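Close look at the chain arrangement
Read off the chains here:
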Amino acid sequence: MISEGGEDAESTSIEKEVSNGEDKNKKKGMVLPFEPHSIIFDEVICSVDMPQEMKYEGATDDRLVLLKGGKWCV
């Protein structure tokens, strides 16, 4: 069957399938409006004030260390 534009109807539908397949292969996602960066911290120490309960139990330090050492990337 020939369409008005002189093209074969079967070839037109095949072309549509091919173009739809190309759309599926495109990357999906969002373009960020900024350039991503990262920061690396070395020898991280995370501490809080010593809880009163621990001071009552005999802890002598002023700070309770929760995390010490290691590398962190943000």
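Residues numbered from 1 in each chain as written. Predicted model: local features only at pLDDT ≥ 70, side-chain atom pairs only at ≥ 80, totals over all residues. Heavy atoms only, no water.

**Some points on the pattern of salt bridges**
For clarity, the cut-off: Salt bridges are defined as contacts in which a side-chain nitrogen from Lys or Arg sits within 4 Å of a carboxyl oxygen from Asp or Glu. In this text, helices come from DSSP runs of H or I with a minimum length of four residues, and strands from runs of E with a minimum of two, each type numbered from the N-terminal end. Throughout this description, buried means an accessible area under 20% of the type-specific maximum (1.4 Å probe, protein chains only), exposed means over 50%, and partly exposed covers the range between.
Scanning all chains against the criterion turns up one salt bridge. Residue Arg-63 is joined to Asp-49 by a salt bridge in which the shortest nitrogen-to-oxygen separation is 2.5 Å. Placement of the pair is Arg-63 in strand β3 (residues 63–68) and Asp-49 in strand β2 (residues 45–49), with a sequence separation of 14 residues. Residue classification places Arg-63 among the partly exposed positions, given a relative accessible area of 39%. What makes Asp-49 exposed here is its relative accessible area of 57%.

**Some details on unusual backbone geometry**
Positive phi is not limited to glycine here, since Glu-43 has a value of about 60°. Mapped onto the secondary structure, Glu-43 falls in the loop between β1 (40–42) and β2.

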